[in-house]
Amino acid sequence: MAIATEEQMVVDKVAKKLYIGGEWRDASGGATLEVIDPATEEPLCEIADGTPEDAMAALDAAVETQREWGATPPNDRAGILWKAFEALMERADELALLMTLEMGKPVAESKAEIVYAADFFRWFSGEALRIDGNYKQFANGTSRVLVMKQPVGPSLMITPWNFPMAMGTRKVGPAIAAGCTIVMKPAQQTPLSMLALGQILEDAGLPGGVFNILTTSSSSKTTGPLIQDPRLRKLSFTGSTEVGRKLIEASAQNVLRTSMELGGNAPFLIFEDADLDAAVEGALLAKMRNIGEACTAANRFHVSEPVREEFQRRLGERMGALKVGRGTEEDVKVGPLIDQPSREKVAELVQDALDKGAARVVGGEIPDGRGYFYPPTVLGGVPDDARVLHEEIFGPVAPVTTFESEEDAIARANDTEYGLVAYVFTRDIKRAIRVCEGLETGMVGLNQGMVSNAGAPFGGVKQSGIGREGGKEGLEEFLETKYVAVNL
Ligand code: NAP
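Residues numbered from 1 in each chain as written. Predicted model: local features only at pLDDT ≥ 70, side-chain atom pairs only at ≥ 80, totals over all residues. Heavy atoms only, no water.

## Side note on the nonpolar core
Short version of the rule: Put simply, a nonpolar core is a bunch of buried Ala, Val, Leu, Ile, Met, Phe, Trp, Tyr and Cys residues held in one set by side-chain atoms that sit within 4.5 Å of each other. When accessible area is computed with a 1.4 Å probe and restricted to protein chains, residues below 20% of their type maximum are described as buried, those above 50% as exposed, and intermediate ones as partly exposed. Here, residues are in contact when the closest pair of their heavy atoms is within 4.5 Å.
The biggest cluster of nonpolar side chains holds 63 residues, and the ones touching the most others in it are Phe121, Val172, Leu201 and Phe211. Discounting chain neighbours no more than four positions away, the residues touching Phe121 are Leu81, Ala84, Phe85, Leu88, Thr169, Val172, Gly173, Leu197 and Leu201. Within the second largest apolar cluster, 46 residues are counted, among which are Val307, Leu354, Leu389 and Ala398.

Next comes the structure, spelled out in structure tokens:
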């Protein structure tokens, strides 16, 4: 199926090469990899398939540029981020279309991601001006404590396909603000958004070598040698817990600074005193944003028995009414999943729950035809041993179960190795605070189905990660603290 002219134009506009040392170049050896539209299963274009040699060239460029870039005045770094923020906003429509083509979500959601992604540049443009230290007396008055903040240094960033632009700017924004140079490796399934970001930063005046982009089909082979290279100072990763564990292990060799934004298994708790309208709206957002392919996606709904049936019915009606289709089509609210293995995993989790006695409220059948579509699905009465309650679904499936008491709700919520985010719906302020205190997560949505915000510290505890992105905490991840003992 040929793609529409407008779609072809946005794809054509992207440089399909590696960006190293300020130059767009082919992969050494000239290999390319295909980018596929998950709604049609057809190739969109081919891009450079970087090799370990290309990866090393990108690190060389980042290392060579680090000293000069680290000494660039904060005003200049802030100015570049601001210009890039403006360009992202001006070009939001075409960038949204590009993102939908490579990732699948509806264009309106892609546009919301571009705005969210741009917000990190706006936020960190301000933060670049606020890097400070401190000065004080030794407690015994003999000497002085001088504390200064300096850029960590060359940083490797590895990002996933589910938020192709925002997972990049959430790292690149603070790194540029702090004065770090970057080697960025986007997911092979969605490299076009990151390549477009490279062009935007280049146009905004970012010096060559500060931001290097390595697209590749062999992520482990190309990034492995960089992680072992003592010139690399930082690894910032967003992706699955499984890969995160491997990267933490590899990072131990050179005791690399690491930031890990990993998987989730978010519980969504609804107490009997909740505003049920708000809970249904919150549930739709927490479950269906990004087709359920979000680390923050509500993975399981624990609902107090007196309101469980009504909630389940209303959620089923709302989810069943969402239009499924190619993200470029009008009124579509649910695009395809990213690939066939992802869809198979979702179908397998649903089948396992049904086999163990769950009831199908809506959905659950893979449609015929091209594209990796899976319908919005609600499962009721899901038994405790169903895999869907314990594994990250990454699809539009809402398993509903219940709890007996506040303590039981907290215990069920915490019964997972993950600890990224939880959602709590209650109108009782005392209960709200008690439950928030008891949850073992890095974030809580309290009567709210979405937590993402550029000015807030995003991140998880337990096996959902290490470190925070966004907020003033996000900048700290790219700064080192140096203490000077001053003898006057
Ligand atoms: P993934 O398989 O872990 O891949 C993430 C990135 O790591 C991709 O760029 C991938 O490259 C690369 N990669 C895979 N194996 C690697 C290895 N051995 N060495 C170096 N790089 C490697 O995750 P995904 O399927 O793309 O993303 C979904 C996961 O991300 C979910 O678990 C989700 O919860 C998590 N996530 C977390 C957050 C958060 O903020 N906590 C945000 C978004 C997503 P290739 O794909 O090109 O091989």
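Text resumes after the structure shown.
## A few points about the layout of surface pockets
This is how it is decided: Both site types are read off a 1 Å grid over the protein atoms alone. A 1.4 Å probe that fits but cannot get out defines a cavity, while an open set with protein on both sides within 12 Å along at least five of seven lines defines a pocket; lining residues have an atom within 4 Å of a point. Grid points are joined across faces, edges and corners, and a volume is the space filled by probe spheres set on the points. Helix and strand definitions here come from DSSP, where helices need a minimum of 4 consecutive H or I residues and strands a minimum of 2 consecutive E residues; each element is numbered from the N-terminal end. Under the scheme applied here, ten amino acids are nonpolar (Ala, Val, Leu, Ile, Met, Phe, Trp, Tyr, Cys and Pro), four are charged (Asp, Glu, Lys and Arg), and all others, including Gly, are polar. Reported domain spans reflect what an automatic or database domain assignment gives.
Volume-wise, the largest pocket comes out at about 1,200 Å³. Taken together, 43 residues form the lining of the largest pocket, with Trp161, Phe237, Gly239, Ser240 and Val243 sitting closest to its centre. For the lining of the largest pocket, the secondary structure elements donating two or more residues are helix H8 (219–227), strand E10 (234–238), helix H9 (241–252) and helix H12 (340–355). If you tally residues by element for the lining of the largest pocket, the top one is H9, at seven residues. Residues of the lining of the largest pocket, tallied by class, amount to 18 nonpolar, 15 polar and 10 charged. Residue assignment places the lining of the largest pocket across two domains, with domain 1 (5–263 + 465–487) and domain 2 (266–415 + 421–453) each supplying three or more.

## A few points about the site of the ligand
The line we're drawing: When we say a residue is near a molecule or strand, we mean one of its heavy atoms is within 4 Å of it. Nitrogen and oxygen atoms within 3.5 Å of one another constitute a polar contact, given that in protein one can donate a hydrogen and the other can accept it, and given that sequence-neighbouring residues count only through two side-chain atoms. For accessible areas, the Shrake-Rupley method is used with a probe of radius 1.4 Å. Any residue's cover is judged against the shown protein chains and nothing else. More than half of a molecule's atoms within 2 Å of the grid points is what it takes for that molecule to sit in a cavity or pocket.
Thr159, Arg170, Ser240, Leu262 and Glu392 are the nearest of the 29 residues found near the ligand. Arg170 is positioned such that a nitrogen or oxygen atom in its side chain is 2.8 Å from an oxygen atom of the ligand. In the environment of the ligand, a nitrogen atom lies 2.7 Å from a nitrogen or oxygen atom belonging to the backbone of Leu262. Protein contacts shield 87% of the accessible area of the ligand, which totals 910 Å² for the unbound molecule. Of the pockets mapped on this structure, the ligand occupies the largest pocket. When contributions to the shell around the ligand are tallied by element, the ones reaching two or more residues are helix H6 (166–178), H8, E10 and H9. Of the residues that constitute the shell around the ligand, the class distribution is 14 nonpolar, 11 polar and four charged. If you count residues domain by domain, the shell around the ligand takes at least three from each of domain 1 (5–263 + 465–487) and domain 2 (266–415 + 421–453).

## Things to note about the environment of Gly467
On the secondary structure map, Gly467 appears in the loop between strand E19 (465–466) and helix H15 (471–476). Once the C-alpha coordinates of Gly467 and Pro267 are considered, the two residues, 200 residues apart in sequence, prove to be 21 Å apart.

## Here's the deal with the domain arrangement of the protein chain
Often, the extent of an interface is quoted as the loss of accessible area on bringing the components together. Here is the rule: We define buried area as the total accessible area lost by two parts upon association, computed with a 1.4 Å probe and summed across both. The rule for a salt bridge is simple: a side-chain nitrogen of Lys or Arg has to be within 4 Å of a carboxyl oxygen of Asp or Glu.
Looking at the assigned domains, one finds that the protein chain contains domain 1 (5–263 + 465–487) and domain 2 (266–415 + 421–453). Taking only C-alpha atoms, the centre of domain 1 and the centre of domain 2 are 31 Å apart. Summed over both sides, the interface between domain 1 and domain 2 buries roughly 2,200 Å², with carbon and sulfur atoms accounting for 55% of that surface. Summed over the shared surface of domain 1 and domain 2, the result is four salt bridges.

## Observations regarding the sheet that holds strand E6 (residues 144–151)
Defined as follows: When DSSP finds at least two bridges between two strands, those strands are taken to pair. Every axis in this analysis is a line fitted to C-alpha atoms, fitted for helices over the stretch in contact. Angles between the N-to-C directions lie between 0 and 180 degrees.
Strand order in the open sheet formed by three strands is E5-E6-E20, with antiparallel pairing between adjacent strands. Edge positions in the open sheet fall to strand E5 (134–137) and strand E20 (479–486), since each of these has one partner strand only. With strand direction ignored, the average angle separating the axes of adjacent strands in the sheet is 20°. Pairing between E6 and E20: eight bridges, direction antiparallel. What sits directly across from Gln150, in E20, is Glu480.

## Describing helix H10 (residues 276–288)
Residues spaced three or four apart along an α-helix point in a common direction, a consequence of the helix completing one turn every 3.6 residues. Formally: What a helix is expected to span follows from its residue count: subtract one and scale by 1.5 Å.
For H10, with 13 residues, the first-to-last C-alpha span of 18 Å sits near the 18 Å given by 1.5 Å per residue. Looking only at H10, the buried set comprises Leu276, Ala279, Val280, Gly282, Ala283, Leu284, Ala286, Lys287 and Met288. At its buried positions, H10 is contacted by helix H5 (107–127), strand E12 (266–270), strand E13 (298–304), helix H11 (305–320), strand E16 (397–403) and strand E17 (421–425). Among the residues of H10, the N-terminal cap falls to Asp275, whose side-chain oxygen and the backbone nitrogen of Asp277 are separated by 3.1 Å.

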